[in-house]
Amino acid sequence: MTQHDSPSLPAHRPGASRQAPEAPDDTGPSCTTRPWMPALLYTLGFLTVYLLAICTPWGQRAENPWFYLGIQGGEAAWIYPLSGSVYGSTPLPPLELSAKPTVLAGLAVIVLLTLVRRCWRQGFAALGVAILAIGAKEVFKSTVPRPDLVGAPENLLDQGFPSGHTVIPAALTLAAVLVVSPRIRPYVATAGVLWLACIAAATATMGGHRPSEVLGATLLACACYGLATWLLPPAAAPGTTRSPRALHVIALALALIVAVVSGARPDTLTRSLVSAATAFICAALVWYAAVGRPARTARRTRPALD
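What this report covers is the structure whose coordinates are included nearby. What you see is a predicted model; the values in this text were computed from it and never measured. For every chain, the first residue of its written sequence is number 1, and the numbers climb from 1 along that sequence. The predicted nature of this model means local features are confined to residues of pLDDT at least 70 and side-chain atom pairs, given and counted, to a pLDDT of 80 or more, with totals for whole chains, interfaces and linings taken over all residues. As a rule here, side-chain values cover all heavy atoms of the structure and leave hydrogens and water aside.

Regarding the pattern of salt bridges
Rule in force here: Salt bridges are identified by distance alone: a Lys or Arg side-chain nitrogen within 4 Å of an Asp or Glu carboxyl oxygen. Buried, partly exposed and exposed residues are distinguished by accessible area as a fraction of the type maximum, computed with a 1.4 Å probe on protein chains only: under 20%, between the cut-offs, and over 50%, respectively.
In total, this model carries three salt bridges according to the counting rule given. Salt-bridge contacts for Glu213 lead to Arg210; the nearest nitrogen and oxygen are separated by 2.9 Å. By relative accessible area, which is 2% here, Glu213 ends up buried. Taking relative accessible area as the criterion, Arg210 reaches 2% and is therefore assigned buried. Of the charged contacts, one joins Asp267 and Arg265 as a salt bridge, the two residues approaching to 2.9 Å between their closest N and O atoms. Judged by relative accessible area, Arg265 falls into the buried class, the value being 5%.

In structure tokens, the structure reads:
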């Protein structure tokens, strides 16, 4: 009688039967492509806001009456006591005379984080974002005049585009997310957009800047951030951050609340709502530049039964 050898079966390993593939880690840097489109879009947005709001007669006519809505000055704004305009009061950074100390403190924190985490390329990029955005604001305001196309009063002809007080929190927030750990990046961005929403709404509602100047400052900071992430090597560029989907909703909802409260005035509803809407748009721009859209969670597949 002949014997037939049974075919050899592969050894069974526990835990290795038809496992679902692991979802890729979205917190790491992207090693394939470098995003150049965001930098271009933010730059085009900055130029579009400037050309439409500053360089057209109807744009100037739409924004010049901004300063005459309600009581002139910022005394009627709810956030006025925190602005530093009251004698002996401490301003909310970076309002009034706290602008330069805020910039210096922000740059010092970036340098400290760079030394602690030893992320040299990201640190230099973060410093570049802050210095380039704030420096570009100064150069733009000093070299590009504001044309008078509608016969506006002399006090409305000073060049205020883009807003210096708004570009500081926007630039420092985007610089900070470059040097912090990817795990805490969404929470740092949340704190930053709340700060930005408060300052942007306060700056607009108290009459320091027009809405276009506040929006232009945010777009300028986002453009510098997009340029920095594009110039970084693929291994050092920040990748898509995995964060809870609820955090996106919570961060933007809190930014909206802060914008509404910071832009509130009892004497004019229009100025309050426009200030809040502008500040919320600024916060959303910085949030999506720093964190991006919420990552989709991978579906878990049930192991098949043998």
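Points about the packing of aromatic side chains
Operational definition: Between the rings of Phe, Tyr and Trp (Trp by its six-membered ring), a pair exists once the centres lie within 6.5 Å; its type follows the angle of the planes, with under 30 degrees stacked, over 60 edge-to-face, and the other angles tilted. Helix numbers and strand numbers start at the N terminus; a helix is a DSSP run of H or I with at least 4 residues, a strand a run of E with at least 2.
This structure, assessed with the given rule, holds five aromatic pairs. Here Phe46 and Phe140 contribute two aromatic rings whose centre-to-centre distance is 5.3 Å and whose plane-to-plane angle is 75°, an arrangement assigned as edge-to-face. With Phe46 in helix α1 (residues 37-54) and Phe140 in helix α4 (residues 120-143), this pair connects stretches of sequence that are 94 residues apart. Each member of the pair, Phe46 as well as Phe140, carries the same accessibility label: buried. Pairing Tyr50 with Phe140 gives two aromatic rings, centres 5.1 Å apart and planes at 90°, and the pair type is edge-to-face. Taken together, the positions of Tyr50 in helix α1 and Phe140 in helix α4 put the pair 90 residues apart, joining distant regions of the chain. Residue class for Tyr50 comes out buried when judged on its relative accessible area of 9%. On the basis of relative accessibility, which here comes to 16%, the residue Phe140 falls in the buried class. The structure contains a cluster of three or more aromatic residues connected by ring pairs, namely Phe46, Tyr50, Phe140 and Phe161.

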